[in-house]
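# Report on the structure
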Amino acid sequence: MWKKHSGRRAVCLLLPVFLAVCFGILLWNAIPDTMHVVEGRDIEGVLNFPLDALVQEEVVEAAGQGSSNIPEGQVRIQCSLFGVIPFKSIQVNVCGETFVYPGGDPVGIYMKTKGVLVIGTGEVAGADGIVKEPALNIIRSGDYIVEADGTAVETKEDLMQCVAQSGGREMVLTVNRNDETTSLKVSPVMTEGQEYKLGIWVRDDTQGIGTLTYVEEDGTFGALGHGISDVDTGTLLELEDGTLYHTDILSVMKGSQGAPGELAGVIRYRRDAVLGKIAENTACGIFGVLSEAGMEEEPGETVEVAFKQDVRAGEAVIRSAVGGEVREYGIVIEKVNVGSGDVNKSMVIRVTDEELLEVTGGIVQGMSGSPILQDGKLIGAVTHVFVNDPTKGYGIFIENMLEH
């Protein structure tokens, strides 16, 4: 009996410690490591409810220490739990006001990979009838082949030609793997059709439809709100070259529970349909510069950019052209997570606009990048839809896109 009571007592003592640790971890993750504040505005009170009820903020390093209105530069805020226990510091970047043109237009996206991407390996039936897998445990899914026997490989056709010219001898492939370059040896197999094959599946480009998020005055743009990853490997595609094209939305496949909808359109890969060049493919979206023709398609007025601490749960709008022209549709921001470890899931939004719900069912594929505005300011972009509830989705803070 004594041992049983002792065990219960130990559990009773450990439970508060466990709960305290869990609370501490949640609170730590809820407070961001870095933030931005517009020059001249109040630097204190950057945390919203309920964090502001638990954490006291104090400017401990600043050029104008002791004043809430500080000049451009960097500031450090010390957060103390209940104003007593030093907890976490926030690096605050003080900057000027930022204005951009909000997007909402659908765009056609074409991206060329840096080398050819390996999406898998497979077996090859040799001319002797023996089935082999020559690349097994040598070439991996996610590798980028950039050279074959010293010859640059930019397309699938380049690789096929090098393999054909090998005559079946051992080849040296130069591969980029996890940002490191390595040389691998693999021997092609001759098939019954007298062709040489390595038994690998590759891809050298991708295309699709997304939404333009913003354009800066110099023509720099951001779109999608998330990176473009390979559908098979799930890895972020390494960009060699990319182009933004004008696209026309022909129809909308309405989303339903368990079946995300989609914008169906046509991309005209013509010179006169080019809107700009894609320079970067990052976790926060795709970025580049619009052409003169692209800038001409972006009329309207600029709006101020709001930072994540300015975003609040409540009413907002998204800009989209699902009806043929860009307009605003009502949404509700249900959750804001300024300390999110996944920048693409910093907000949870729900579509409330009856017209948009009637047309799309909520958020559909192709709407990624749709600008989110609140109180007349650009706060972020749509990134993902909830598969089991297309009326809801995630959003990214616009500051994460701007600082990509």
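Look up: the structure comes first, before these words.
First, a word on what this report is: a plain description of the structure on this page.

The rules behind these values
- Counting starts from 1 at the beginning of each chain's written sequence and moves along it residue by residue.
- For this predicted model, a pLDDT threshold of at least 70 governs which residues receive local features, and a threshold of 80 or more governs which side-chain atom pairs are given and counted, while totals over whole chains, interfaces and linings are taken from all residues.
- As a convention, hydrogens and water are excluded, and side-chain values are obtained from all of the structure's heavy atoms.
- Labels follow the DSSP assignment, with helices taken as runs of H or I lasting at least four residues and strands as runs of E lasting at least two, numbered in each case from the N terminus.
- Any pair of residues with heavy atoms lying within 4.5 Å of one another is described as a contacting pair.
- In short, DSSP must find at least two bridges between two strands for them to pair.
- What is meant by a nonpolar core is a set of buried Ala, Val, Leu, Ile, Met, Phe, Trp, Tyr and Cys residues, joined one to another through side-chain atoms within 4.5 Å.
- Buried residues are those whose accessible area, probed at 1.4 Å on protein chains only, stays under 20% of the maximum for their type, while exposed residues exceed 50% and partly exposed ones sit between those limits.
- To get an axis, a line is fitted to the C-alpha atoms, and for a helix only the part in contact is used. The angle between two axes follows their N-to-C directions and goes from 0 to 180 degrees.
- Throughout, the arc means that of the directions going from the helix axis to the C-beta atoms.
- Note on patches: the residues involved have over 30% relative accessible area and no salt bridge, like charges join within 9 Å, and the nonpolar side chains Val, Leu, Ile, Met, Phe, Trp and Tyr join within 5 Å.
- Only the protein chains shown count as cover for residues, with accessible areas throughout obtained via the Shrake-Rupley method and a probe of 1.4 Å.
- Salt bridges, as used here, are contacts in which a Lys or Arg side-chain nitrogen is within 4 Å of a carboxyl oxygen on Asp or Glu.

### Examining the side chain of Thr-233
With respect to the helices, strands and loops of the structure, Thr-233 is situated in the loop between strand S16 (220–223) and strand S17 (239–253). When sequence neighbours within four positions are dropped, the list of residues in contact with Thr-233 reads Leu-117, Val-118, Ile-119, Ser-141 and Gly-142.

### Here we look at the pairing of S16
The pairing of strand S15 (residues 200–215) with S16 spans three bridges and is antiparallel. Note on S16: the bridge partner recorded for Leu-212 is Ala-223. Between S15 and the antiparallel strand that follows it, S16, lie four residues; Gly-219 among them carries a positive phi value of about 95°. Inspection of the sheet shows S16 paired to strand S20 (residues 285–290) by four bridges, in the antiparallel sense. Bridge pairing in S20 places Thr-220 opposite Val-289.

### Observations regarding the nonpolar core
Membership of the largest hydrophobic core comes to 23 residues, with the highest contact counts inside it found for Ile-318, Met-347, Ile-349 and Ile-372. Listed by contribution, the elements that provide at least two residues to this core are strand S22 (314–320), strand S23 (327–336), strand S24 (347–351), helix H5 (354–360) and strand S26 (377–386). Dropping the residues within four chain positions of it, Ile-318 is found in contact with Arg-327, Glu-328, Tyr-329, Ile-331, Leu-356, Met-367, Pro-371, Ile-372 and Val-382.

### Considering unusual backbone geometry
Keep in mind that most residues, glycine aside, have a negative phi and that most peptide bonds are trans. Positive phi outside glycine occurs at Asp-179, with the angle close to 65°. Secondary-structure assignment places Asp-179 in the loop between strand S11 (171–177) and strand S12 (180–186). Phi at Leu-224 is positive, roughly 75°, even though this residue is not glycine. Secondary-structure assignment places Leu-224 in the loop between S16 and S17.

### Comments concerning the sheet that holds S26
The antiparallel closed barrel is built from six strands, whose spatial order is S22-S23-S24-S27-S26-S25. Geometrically, the sheet is characterised by an average inter-axis angle of 45° between neighbouring strands, direction not taken into account. Summarising the sheet, S23 and S24 pair through five bridges and their orientation is antiparallel. Residue pairing for S24: Val-332 is matched across the bridge by Arg-350.

### Here we look at helix H3 (residues 156–165)
For H3, the complete set of buried residues consists of Leu-159, Cys-162 and Val-163. All buried residues of H3 lie within an arc of 100° about the axis, which places them on one face of the element. H3 presents Met-160 and Gln-165 as exposed residues on the side facing more than 90 degrees away from its buried surface. Count one or two residues on from H3 and you reach Gly-167, which has phi positive near 70°.

### Some thoughts on a nonpolar patch on the surface
On the surface, a cluster of nonpolar side chains totalling about 260 Å² of accessible area is made up of Val-17, Val-21 and Ile-25. Tracing the sequence through the fold places Val-21 in helix H1 (residues 2–30). By relative accessible area, Val-21 is classed as partly exposed at 46%.

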